[in-house]
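# Observations on the three-dimensional arrangement
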Amino acid sequence: MQALLDVILPVFLVLGFGYVAVWRGLFSDAGVDGLMKFTQNFAIPCLLFRAVSTLDLGQEFDWRLLTSFYAGATTGFFLGLFGARFLFRRSWEDSVAIGFVGLFSNSLLLGLPITERAYGAEALAPNYAIIAMHSPFCYGLGLTAMEIVRNRGTGVLGTSGAILKAMFRNALVIGIALGLAVNLTGMALPGVLTDALDLMIRAALPAALFGLGGVLYRYRPEGDLRVIAYACAISLVIHPAVVWALGTQLELETGQFRSAVVTAAMAPGVNAYIFANMYGAARRVAASSVLMGTAASILTAWLWLAVLP
């Protein structure tokens, strides 16, 4: 138990420092926005670029790993969507946004540091394989569903264009795409460039965790508690349970199995709120699910780690 606490608590303490700093007025909202802009648009894309450019694509992009994780994510999306619509009588637009909460786990800011602390930096290759597909897959599914239910009349080509434009304006997707290009071409990067990237990378996760704590301070749980609890249960319990079942059936290697389940078990990412805010749908549910799910994941992550091989 002490070992598990040693893995989880440092991650959430850094997040908590950011929360308390903003709460007590020691760090401004503008500072949080600047810090998150730095991490999301620069430091983390550098981390993803570096990781993807050095991955052994043939070994790490295992169809069994990606099928296990993304089948679980897709299950979470549709449970969230149809549950919100038929159990809680939300509009179709709200339902898609709530489905996105169940789809988009916090693979970067929580999944990476917790996996690294639990199993070491050498265990992160399957995480990076999952993350390389994460934003394109999740935004592709979410944007497609939202454009369909909004029925803007733009047709297949118009909808596809809007989806591709939204995805490839995302700095994380750009970092992943450039990393894949370097990997596939075998391009050798100059040492001075890789040293500079490594400096950026070292700042990425701790700065992002601190900034995430500041962002979460803004998200007060207000109303809709049953829907929020439902969305959090999908994210923290159903998604990793589906990944566990499929990973077992597909006989994932131990390292892949751990990375897939831990990543799936993370709370909804801030992108769940960004998506909801972009469409003006279920913003309160998405924001509160990010906050409450992150708090609850202190316990649920510990439980999942305790039962993993």
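Located above this text is the structure these notes cover.
Not measured: the values here are computed from a predicted model. (Residues numbered from 1 in each chain as written. Predicted model: local features only at pLDDT ≥ 70, side-chain atom pairs only at ≥ 80, totals over all residues. Heavy atoms only, no water.)

Taking 1.5 Å per residue as the helical rise, helix H9 (residues 171-185) with its 15 residues ought to reach 21 Å, and the 21 Å between its terminal C-alpha atoms agrees with that figure. Along H9, the positions that sit buried rather than exposed are Ala171, Leu172, Val173, Gly175, Ile176, Gly179, Val182 and Asn183. Remark: glycine 186 follows H9 within two positions and exhibits a positive phi of approximately 70°. (Helix = DSSP H or I, 4+ residues; strand = E, 2+ residues; numbered from the N terminus. Expected span 1.5 Å × (residues − 1). Buried < 20%, exposed > 50% of the residue type's maximum accessible area, 1.4 Å probe, protein only.)

Now for the pattern of salt bridges. Scanning all chains against the criterion turns up five salt bridges. With a shortest N-O distance of 3.3 Å, aspartate 224 and arginine 90 are connected by a salt bridge. Residue aspartate 224 is found in the loop between helix H10 (191-217) and helix H11 (225-249), and its partner arginine 90 is found in the loop between helix H4 (63-86) and helix H5 (92-103); the two are separated by 134 residues along the sequence. Residues joined in a network through salt bridges with shared partners are Arg90, Asp94, Asp224 and Arg284. (Salt bridge = Lys/Arg side-chain N within 4 Å of Asp/Glu carboxyl O.)

Moving on to H10. When the terminal C-alpha atoms of H10 are compared, their 40 Å separation across 27 residues agrees well with the 39 Å that a helix rising 1.5 Å per residue should span. By the largest-angle criterion, alanine 204 marks the main kink of H10, which is about 35°, and a proline, proline 206, follows within four residues. (Bend = angle between axes of the 7 residues up to and from the residue.)

Turning our eyes to something else, we now look at the packing of aromatic side chains. Under the criterion given, the structure shown has 16 aromatic pairs. Taking 4.7 Å as the distance between ring centres and 50° as the angle between the ring planes, the aromatic pair formed by tyrosine 70 and phenylalanine 137 counts as tilted. Of the two residues, tyrosine 70 is situated in helix H4 and phenylalanine 137 in helix H7 (residues 125-150); the sequence distance between them amounts to 67 residues. Under the relative-accessibility criterion, tyrosine 70 is labelled buried at 6%. (Phe/Tyr/Trp six-rings, centres within 6.5 Å; stacked < 30°, edge-to-face > 60°.)

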